[in-house]
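A structural walkthrough
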Amino acid sequence: MPAYIDELAARVRTALADRVRPYAGLADEFAIEVDAADLLEVASTLRDDPQLRFEMLIDLAGVDYLDYGRAEWRTTAATGSGFSRGVNRTAPHTLAGNRRFAVVSQLLSITHNQRLRLRVWAQEAEDPMVDSLTGVWASADWFEREAFDLFGILFRGHPDLRRILTDYGFIGHPFRKDFPLIGNVEVRYDPQLKRVVYEPVSIEARTLVPRVIRHDNRYDPALHEQPPGVVRG
């Protein structure tokens, strides 16, 4: 780990003690996790402490960890369980119980020229909710609306929590892992009613990941080998 990250980690431990926990992030970035009950207090300390001074929230996003570490993708590469990848059941991760949704904030300290990743878990999987960071960083406003729109994460104390990307009549949250790829409804203009109407989607559901790996014989290397004694040119 670079020396400047070790230095930042030490300053975070001094200011926040055991209220935050480091977790695996990028090689050149320090990442911490905080309990939902401590989020606002920790966020204010990260912003105001002279040794930290993370004045700017540059991004905030929801994350859906449904089937994290459990889902497999079929490939031609062999693993211990067959021809698949994507599962590492021995790798340590922080998922436990019914935790599914998290909110990840990317913070920037202009004073110290350093970045920090802050993750908090929503309390419930069915109606996920965390405190809004708009009172600490005003830039969280539209980011939290986006996370609500796409993931259905509720932000307690947000001044105007409504959809920002999808239509007013949109059903569901399209970035959830269990949201159907074809959607739930489709929109069209009805010339007889002279208005836009919503109808059940008419696209047939189809499997995008092949369940059987087929090999095209046209690309078999044996077909392109030159017979002995034959010179092409």
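Read on for a plain summary of the structure. (Residues numbered from 1 in each chain as written. Predicted model: local features only at pLDDT ≥ 70, side-chain atom pairs only at ≥ 80, totals over all residues. Heavy atoms only, no water.)

Digging into the overall build of the protein
Counting its secondary structure elements, the protein contains three helices and eleven strands. Its helices and strands taken in sequence order, the protein reads α-β-β-α-β-β-β-β-β-β-α-β-β-β from the N to the C terminus. A total of 233 residues make up the protein; the buried ones form 33% of that total. Of the contacts formed within the protein by residues at least 6 apart in sequence, a portion of 53% connects residues at least 24 apart. Element-wise, carbon and sulfur atoms account for 54% of the exposed surface of the protein, whose accessible area totals about 15,300 Å². (Helix = DSSP H or I, 4+ residues; strand = E, 2+ residues; numbered from the N terminus. Buried < 20%, exposed > 50% of the residue type's maximum accessible area, 1.4 Å probe, protein only. Contact = heavy atoms within 4.5 Å. Areas by Shrake-Rupley, 256 points an atom, 1.4 Å probe, with all protein chains shown as cover.)

Focus: the environment of Phe-54
With respect to the helices, strands and loops of the structure, Phe-54 is situated in the loop between α2 (39–48) and β3 (56–64). When near neighbours in sequence (up to four residues on either side) are disregarded, Phe-54 contacts Leu-8, Leu-46, Arg-47, Leu-107, Leu-108, Ser-109, Gln-114, Arg-115, Leu-116 and Trp-137.

Let's talk about α2
Of all the residues in α2, the buried ones are Leu-39, Val-42, Ala-43, Thr-45 and Leu-46. All buried residues of α2 lie within an arc of 160° about the axis, which places them on one face of the element. Where α2 is buried, its residues touch α1 (3–16), β1 (20–22), β2 (30–34), β6 (101–109), β7 (114–121) and β8 (129–131). (Arc of directions from axis to C-beta.)

Brief notes about the environment of Ser-139
Along the chain, Ser-139 turns up in the loop between β8 and α3 (140–151). Residues Ser-139 and Leu-57 lie 82 residues apart in sequence; the distance between their C-alpha atoms is 6.4 Å.

Observations concerning the environment of Ile-110
If you trace the backbone, Ile-110 turns up in the loop between β6 and β7. Looking at Ile-110, the relative accessible area reads 55%, which means it is exposed. Sequence-distant contacts of Ile-110, that is, excluding residues within four places in its chain, are made with Arg-53, Glu-55 and Met-56.

Thoughts on the pattern of salt bridges
For the coordinates displayed, the defined rule picks out 15 salt bridges. Between Arg-21 and Glu-33 there is a salt bridge, with the nearest N and O atoms lying 3.2 Å from each other. Residue Arg-21 is located in strand β1, and its partner Glu-33 is located in strand β2; the two are separated by twelve residues in the primary sequence. Classification of Glu-33 by relative accessible area gives buried; the value is 4%. One network of salt bridges, in which partners are shared, links Arg-21, Glu-33, Asp-35 and Arg-119. (Salt bridge = Lys/Arg side-chain N within 4 Å of Asp/Glu carboxyl O.)

Observations regarding the sheet that holds β6
Strand order in the open sheet formed by five strands is β1-β2-β7-β6-β3, with mixed pairing between adjacent strands. Here the strands that pair on one side only, and so sit at the sheet edges, are β1 and β3. Direction aside, the axes of adjacent strands within the sheet are offset by 25° on average. Examined bridge by bridge, β3 and β6 share eight bridges and lie antiparallel to one another. If you follow Leu-57 over to β6, its bridge partner there is Leu-107. Most of the contacts of α2 go to β7, to which it runs at about 175°, and overall it touches β1, β2, β6 and β7. Sheet strands in contact with α3 are β3 and β6, and its direction is about 10° off that of β3. (Pairing = 2+ DSSP bridges. Axes fitted to C-alpha atoms, helices over the stretch in contact; angles between N-to-C directions.)

What to know about the nonpolar core
Proteins that are soluble and globular tend to have nonpolar side chains buried together. By size, the foremost hydrophobic cluster in this structure holds 35 residues, and its most contacted members are Val-12, Phe-30, Ile-32, Leu-46, Leu-107 and Leu-133. Put simply, the parts of the chain that give this core at least two residues each are α1, β2, α2, β3, β6, β7 and α3. A per-element tally of this core places α1 first, with five residues. Every residue in contact with Leu-133, bar those within four places of it in the chain, is listed here: Leu-39, Leu-40, Ala-43, Leu-57, Leu-60, Ser-105, Ala-140 and Glu-144. (Core = buried A, V, L, I, M, F, W, Y, C linked by side-chain atoms within 4.5 Å.)

Let's talk about the packing of aromatic side chains
Aromatic rings in a pair are described by how distant their centres are and how their planes are angled relative to each other. On inspection of all chains with the given rule, the structure shows three aromatic pairs. A ring pair is formed by Phe-170 and Phe-179, whose centres lie 6.0 Å apart and whose planes are at 25°; its orientation type is stacked. Taking relative accessible area as the criterion, Phe-179 reaches 15% and is therefore assigned buried. Above the plane of the ring of Trp-121 lies Arg-99, whose end atom (NZ or CZ) is 4.6 Å from the centre. Taking NZ or CZ as reference, Arg-119 lies 3.9 Å from the ring centre of Tyr-23, over its face. (Phe/Tyr/Trp six-rings, centres within 6.5 Å; stacked < 30°, edge-to-face > 60°. Lys NZ or Arg CZ within 6 Å of the ring centre and 35° of its normal.)

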